[in-house]
Amino acid sequence: MTKFGAGRSLRRVEDARLLTGGGRFTDDINLPRQLYGVVVRSPLAHALIKSMATDAARAAPGVAAVLTGAELEAEGANSLPCDVELECRDGKLNKTPQHTIICADKVRFVGDKVAFVVAETLAQAKDAAELIEVEYEPLDAVTDTRTAADPGMPQLHDDVPDNLVFDWELGDEAAVEAAFAHAAHVTRIELINNRVIVNSIEPRGAVADFDAECGRLTLYTGTQGGWSLKQVLAENVLKVAPDKVRVITPDVGGGFGMKAYIYPEYAMAAWMSRRLGRPVKWTGERSDSFVSDTMGRDHVTDAALAFDQDRRIIGMRVATTANMGAYLSFFAPIIPTAAAVKVLPGVYDVKCLHYRVKGVLTNTAPVDAYRGAGRPESIYVIERLIDQAAREFGEDPPELRRRCMIPPDAMPFATAAGEVYDSGEFARVMDEAMAKADWPGFPARRAEARSRGKRLGLGMCFYIESTMGEPEECASVRFGDDGRVSILVGTQTNGQGHETAYVQMLNARLGVPLDRIRVIQGDTDRIATGGGTGGSRSLTSQGWAINDAADEVIERGIRYASQALEAAPADIAFDRGRFTIAGTDRSISILDLAAKARTMEPPEGLEGGLDAAVKIEIEAWTFPNGCHIAEVEIDADTGLTRIVRYTVVDDFGVLLNPMLVEGQVHGGVVQGIGQALYERTVYDDDGQLVTGSYVDYCLPRADTSPPIDFSTIEVPCKNNPLGVKGCGEAGAVGSPGAVINAILDALADLGVTHIDMPATPDKIWALLRGR
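Residues numbered from 1 in each chain as written. Predicted model: local features only at pLDDT ≥ 70, side-chain atom pairs only at ≥ 80, totals over all residues. Heavy atoms only, no water.

**Observations regarding the overall build of the chain**
Part 1 of the reasoning: The helix and strand inventory of the chain stands at 19 helices and 30 strands.
Part 2 of the reasoning: The C-alpha atoms of the chain give a radius of gyration of 28 Å, which matches the 28 Å a tight globule of 771 residues would have.
Part 3 of the reasoning: The dimensions of the chain, computed from C-alpha atoms along their principal axes, are 85 × 75 × 55 Å.
Part 4 of the reasoning: Pairs at least 24 apart in sequence give 80% of the contacts found in the chain among residues at least 6 apart.
Part 5 of the reasoning: With the model as given, the accessible surface of the chain reaches about 28,600 Å², and the carbon-plus-sulfur share is 49%. (Helix = DSSP H or I, 4+ residues; strand = E, 2+ residues; numbered from the N terminus. Rg over C-alpha atoms; globule rule 2.2 N^0.38 Å. Contact = heavy atoms within 4.5 Å. Areas by Shrake-Rupley, 256 points an atom, 1.4 Å probe, with all protein chains shown as cover.)

**Comments concerning the sheet that holds strand β23 (residues 517-520)**
Part 1 of the reasoning: Spatially, the four strands line up as an open sheet ordered β23-β22-β21-β27, and their pairing is mixed. Across the chains shown, the open sheet's two edge strands, defined by having one partner strand only, are β23 and β27 (612-617). Taking the axes of each pair of neighbouring strands and ignoring which way they run, one obtains an average angle of 20° across the sheet.
Part 2 of the reasoning: On the sheet, helix α14 (residues 498-510) packs against β21 (472-479), β22 (485-489) and β23 and is oriented at approximately 135° with respect to β23.
Part 3 of the reasoning: Along the sheet, helix α15 (residues 538-564) makes contact with β21, β22 and β27, crossing β27 at roughly 140°. (Pairing = 2+ DSSP bridges. Axes fitted to C-alpha atoms, helices over the stretch in contact; angles between N-to-C directions.)

**Some words on the environment of Glu448**
Part 1 of the reasoning: In this structure, Glu448 sits in helix α13 (residues 442-451).
Part 2 of the reasoning: Among the residues examined, Glu448 registers a relative accessible area of 40% and is labelled partly exposed. (Buried < 20%, exposed > 50% of the residue type's maximum accessible area, 1.4 Å probe, protein only.)

**Quick notes on the side chain of Lys281**
Part 1 of the reasoning: Summarising the element assignment, Lys281 is placed in strand β14 (residues 280-283).
Part 2 of the reasoning: Under the relative-accessibility criterion, Lys281 is labelled buried at 4%.
Part 3 of the reasoning: In this structure the side chain of Lys281 is engaged in a polar contact, spanning 2.7 Å, whose partner is the backbone oxygen of Asp27.
Part 4 of the reasoning: In contact with Lys281, not counting residues within four places along its chain, are Thr26, Asp27, Ile29, Asn30, Gln34, Leu35, Tyr36, Gly37, Ala206 and Val207. (Polar contact = N/O pair within 3.5 Å; in protein donor to acceptor, adjacent residues only side chain to side chain.)

**Thoughts on unusual backbone geometry**
Part 1 of the reasoning: In the segment running from Met411 into Pro412, the intervening peptide bond is cis, with an omega of -5°.
Part 2 of the reasoning: Examined against the element boundaries, Pro412 turns out to sit in the loop between α11 (397-404) and β18 (413-414).
Part 3 of the reasoning: Going from Met757 to Pro758, the amide bond is cis rather than trans, its omega being -10°.
Part 4 of the reasoning: For Pro758, the position within the fold is in the loop between α18 (730-747) and α19 (761-768).
Part 5 of the reasoning: Not every positive phi belongs to a glycine, and Lys239 is a case in point at roughly 55°.
Part 6 of the reasoning: Tracing the chain through its elements places Lys239 in the loop between α6 (227-238) and β13 (245-248).
Part 7 of the reasoning: Despite not being glycine, Arg297 has its phi angle at roughly 65°, a positive value.
Part 8 of the reasoning: For Arg297, the position within the fold is in the loop between α8 (286-292) and β15 (299-307).

**Examining the pairing of β15**
Part 1 of the reasoning: The buried count for β15 comes to eight of nine residues, which makes it a mostly enclosed element.
Part 2 of the reasoning: Note that β15 and strand β16 (residues 313-323) share nine bridges and pair antiparallel. Bridging across to β16, Ala306 finds its partner in Gly315.
Part 3 of the reasoning: Adjacent in sequence and paired antiparallel, β15 and β16 are bridged by five residues, among which Arg311 carries a positive phi angle near 60°.

**Focus: the pairing of β13**
Part 1 of the reasoning: Judged from the four bridges that link them, strand β12 (residues 216-221) and β13 form a sheet pairing that is parallel. Across the sheet, Leu219 pairs through a bridge with Val247, a residue of β13.
Part 2 of the reasoning: With α6 bridging β12 and its parallel neighbour β13, the resulting β-α-β unit is right-handed. (Right-handed = clockwise from strand over helix to strand, strands pointing away.)

**Some details on the sheet that holds strand β30 (residues 709-712)**
Sheet strands associate in pairs through backbone hydrogen bonding, adopting either a parallel or an antiparallel arrangement.
Part 1 of the reasoning: Judged by pairing direction, the sheet is mixed, and its four strands sit side by side in the order β20-β28-β29-β30 without closing on themselves. Strands at the two margins of the open sheet, each flanked by one partner only, are β20 (454-464) and β30. For this sheet the average axis-to-axis angle between neighbouring strands, irrespective of direction, equals 10°.
Part 2 of the reasoning: Taken together, the eleven bridges between β20 and strand β28 (residues 625-635) define a ladder with antiparallel strand orientation. Paired with Cys461 across the bridge in β28 is His628.
Part 3 of the reasoning: In this fold helix α17 (residues 658-678) packs onto β28, β29 (641-651) and β30, with an angle of close to 140° to the strand it touches most, β29.

**Remarks on the side chain of Glu679**
Part 1 of the reasoning: Relative to the helices and strands, Glu679 is located in the loop between α17 and β30.
Part 2 of the reasoning: Salt bridges are absent for the buried Glu679, whose nearest opposite-charge side chain, Arg297, sits at 9.0 Å.
Part 3 of the reasoning: Reaching out from Glu679, the side chain makes a polar contact with the side chain of Tyr697 at a distance of 2.5 Å.
Part 4 of the reasoning: Ignoring anything within four residues of it in the chain, the contact list for Glu679 reads Asn194, Arg195, Val196, Ile197, Gln671, Gly674, Tyr697, Cys698, Leu699, Pro700 and Pro758. (Lys, Arg positive; Asp, Glu negative; His and termini not counted. Salt bridge = Lys/Arg side-chain N within 4 Å of Asp/Glu carboxyl O.)

**Concerning the environment of Thr221**
Part 1 of the reasoning: Structurally, the position occupied by Thr221 is in strand β12.
Part 2 of the reasoning: Relative accessible area serves as the criterion here: at 0%, Thr221 is assigned to the buried category.

**Details of the packing of helix α10 (residues 375-393) against α18**
Part 1 of the reasoning: In the contact formed by α10 and α18, the axes pass within 8 Å of each other and the chain directions differ by 30°. As summarised for this structure, α10 and α18 are arranged roughly parallel, according to the angle between their axes. Seen along the crossing, α10 lies across α18 with a hand that is right-handed. Facing α10, whose interface residues are Arg375, Pro376, Ile379, Tyr380, Glu383, Arg384, Asp387 and Arg391, α18 presents Ala732, Val733, Pro736, Gly737, Ile740, Asn741, Leu744 and Asp745. (Parallel < 35°, antiparallel > 145°, perpendicular 65-115°, else oblique. Left-handed = near helix turned anticlockwise from the far one by under 90°.)

**Side note on the packing of α17 against α18**
Part 1 of the reasoning: Running from N to C, α17 and α18 cross one another at 45°; their axes reach a closest spacing of 7 Å. Accordingly, the angle class assigned to the pair α17 and α18 is oblique. The two elements α17 and α18 meet at a crossing, and its hand is right-handed. Along the contact surface, α17 presents Val665, Gly668, Val669, Gly672, Ile673, Gln675, Ala676 and Leu677, while α18 presents Gly731, Ala732, Ser735, Pro736, Val739, Ile740 and Ile743.
Part 2 of the reasoning: For the contact of α17 with α18, the per-class residue count stands at ten nonpolar, five polar and no charged. (Nonpolar A, V, L, I, M, F, W, Y, C, P; charged D, E, K, R; others polar.)

**Quick look at the pattern of salt bridges**
Part 1 of the reasoning: Under the defined criterion, the tally for this structure stands at 55 salt bridges.
Part 2 of the reasoning: Close ionic contact of Glu190 with Arg146 constitutes a salt bridge, the shortest N to O distance being 3.1 Å. Here Arg146 lies in the loop between β8 (133-138) and β9 (164-171) and Glu190 lies in strand β10 (residues 185-193), a separation of 44 residues in the sequence.
Part 3 of the reasoning: On the basis of relative accessibility, which here comes to 43%, the residue Glu190 falls in the partly exposed class.
Part 4 of the reasoning: Residue class for Arg146 comes out partly exposed when judged on its relative accessible area of 38%.
Part 5 of the reasoning: When the shortest N-O distance is used, the salt bridge between Arg428 and Glu425 registers 2.9 Å.
Part 6 of the reasoning: Overall, the relative accessible area of 26% leaves Glu425 in the partly exposed class.
Part 7 of the reasoning: Three or more residues are tied together by salt bridges with common partners; here these are Glu383, Asp387, Arg391, Arg401, Arg446 and Asp745.

Below you can see the structure in the form of structure tokens.
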């Protein structure tokens, strides 16, 4: 065990509370005199609002008010911001059309907001919402990513010609063109990275409570960090100082990036609570989630690799069209651009690259961060290219990977994308994964499957991920009068096990019993700033801050102990929760010292007892990496694919809690399998969401998910003092490429070289029959 408690698979401390009904989620919160809100949504994807009749709804039993876009427009409070500005190819910034809270004159996707009804009961609000009559003038819709910016397509916003919000690039285009001109071999591929619906187990919701006496709003909602919501509500919606808004995040049932920012419904509830002087609660139903939560992925990509005569990569060229949906969501422009390009070369020594991204608007729900947020899309591109190139060379895919991989002695390695990988032993990780997957024994297994009328395929994906997010984090350790120790953190658990990880760290560092430590999170009053959770940043940033806070507690404790024990600070040692005079048996426990420090005269310049608060700055992120190997079996009669073996070997640096890490990887792998095999988001030509319920939208299930052989190789990170690398998104980064490469391997003898996700049975059945 290292000094901060690494290597111990401590069982989750939060589970007893959650499994016995002690959780408190947003929908569990009910306040005195609470009203209920219901959103009236557009049934059309693109239409002008000619008129709206609300009188019947306003007069309905129990209705307190009806809010429309016209009212918000009149107050200059009908817009949510996008937090990202990109410098485009022409040197100008990306376009940012108005993201309305409630539509006043035009709707732009099915599920867009046209009114907010507030009533005494939820049933009354729903009944009144049915009474609102909206006269629409339907307009043609555009839903196809590839053609959205073509001349003559329907325009969503007057200030965004051709629906093109940005045209962005990175890299040396001239060098790449020269590399391709002199290449001995070029591999090209066209890919669709399919749109996915997030489907967190807990739908979104919000309870807004405005206190008229102090002019202050409290918003309860599931977030991945409430500070940005606080800022937007204050500045863009309520037009008040930030200290007039408090955001409290209770337990959260899954986020996956989708709960990292504000939504229009939260602004509606806040506005109406202030207007009516009563709490307003809105809880989304699953049907709301399908049409109004931000979605993920949705890229069309043309990509190519240039190789020299030694089959080494001398150039990479990628052009992507990224669907942003009807509006620019909070982080949306950065996901397919700066976030994606960080790992676009993968683990390979790519000499030069050029990456161009066009962001387009369509009459679909907005797209933003989804587990991995740009990095899964990039790894899918490079790993599909590598496999395709190997087949064109007639070479075993792992051997081409090995030849092109960055060697350990090249670290730190500056990539063509501008990142600096600090560590990694990629070939070693790949060899371990191949051994565990029994790669050499695959031909025999394939022959046996053929005897049963099945097709077996083996596919690999070697991913690298870059953690990301706010480049600073805070942590406070406070000793309470009740003998308990609190850790105040700026991240926000959504089910990952943060409470366990942070308690485990502080227990190892300070020797405080596990049951005497509590984690405080999710309150912008109690915690002034925080970076939130996203980009696999939590342990790499928050863990670092907690570790530094523990250092400060110990330093302060030594000063206080020297006074309490009447010894020089240099003679005081700290170990396993006790301060001891070296060479003696005289000591005092940290909890006893903390209690004593509250009443004793403090050492000079050291008021406040043992309590500590720190802020760390992150100059470089971490680069977790690993090898996924999928073995699939395809039924030749039905096209049904079954994953029969799945192997993962990851390098997450030093592991704090191996059990938590494995759980995160399992969840990520299954989400990636869902995208690869099952999840298909379909909008028809009129912009109707055809897959708007679980009847039509297929998710992976326990009985379709394989056992996962998971292990790690520890290559400590050099970019943080703990040596850890983020793990929360890694499973979803590696699994889509592994599964699709395995399917293509199973069909290779038929001349099949391409299939897009999701690889559903009907697609495979058609390929099996030469279609």
